[in-house]
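# Notes for the structure review
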Amino acid sequence: MSLEGSKTVYIKYFALLRDERGLASENISTEAATLAELYNEIRSRHDFSLPVERMSVAVNDDFAEWHNRVNDKDVIVFVPPVAGG
């Protein structure tokens, strides 16, 4: 957990995650330090089926790495794998 305290972030959900959550987006408060910690916190809270290793993540409209820090007021998109062709 972060020593910086709670941050509020805006989460957008797509595809399977939107279906599992039942929402397209939400604001949440978190003390997660990294994007991976944040996803795992949300995954546990909402019982998401996909592990972090199968996901991509974007922050403020740019793809990011899972070890990147979570900052107050970030807009975060968890991107599940897509099927099709």
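Above this text sits the structure in question.
The paragraphs below set out a description of the structure included in this document.

### Thoughts on the pattern of salt bridges
- Scanning the model with the defined rule gives two salt bridges in all.
- Between Glu 26 and Arg 21 there is a salt bridge; the shortest N-O distance is 3.0 Å.

### As for the packing of aromatic side chains
- On inspection of all chains with the given rule, the structure shows five aromatic pairs.
- Three or more aromatic residues joined by ring pairs make a cluster, and in this case those are Tyr 13, Tyr 39, Phe 48, Trp 66 and Phe 78.

### With respect to the nonpolar core
- Of all hydrophobic cores here, the largest spans 22 residues; its most connected members are Ile 11, Leu 38, Tyr 39, Trp 66, Ile 76 and Phe 78.
- For this core, the elements supplying multiple residues, two or more each, are β1 (7-13), α2 (35-46), β3 (56-59) and β5 (75-79).
- Tallying contributions element by element places α2 first for this core, with five residues.
- Residues contacting Tyr 39, with those up to four places away along its chain left out, are Leu 17, Phe 48, Leu 50, Pro 51, Val 52, Met 55, Trp 66 and Phe 78.

### Concerning the pairing of β5
- Two strands pair when backbone bridges link them, and β1 and β5 are joined in this way by four bridges, in the parallel orientation. Bridge pairing in β5 places Tyr 13 opposite Phe 78.
- Pairing between β3 and β5: four bridges, direction antiparallel. In the sheet register, Ala 58 faces β5, and the bridge partner there is Val 77.

Definitions and cut-offs
Residues numbered from 1 in each chain as written. Predicted model: local features only at pLDDT ≥ 70, side-chain atom pairs only at ≥ 80, totals over all residues. Heavy atoms only, no water. Salt bridge = Lys/Arg side-chain N within 4 Å of Asp/Glu carboxyl O. Phe/Tyr/Trp six-rings, centres within 6.5 Å; stacked < 30°, edge-to-face > 60°. Core = buried A, V, L, I, M, F, W, Y, C linked by side-chain atoms within 4.5 Å. Buried < 20%, exposed > 50% of the residue type's maximum accessible area, 1.4 Å probe, protein only. Helix = DSSP H or I, 4+ residues; strand = E, 2+ residues; numbered from the N terminus. Contact = heavy atoms within 4.5 Å. Pairing = 2+ DSSP bridges.

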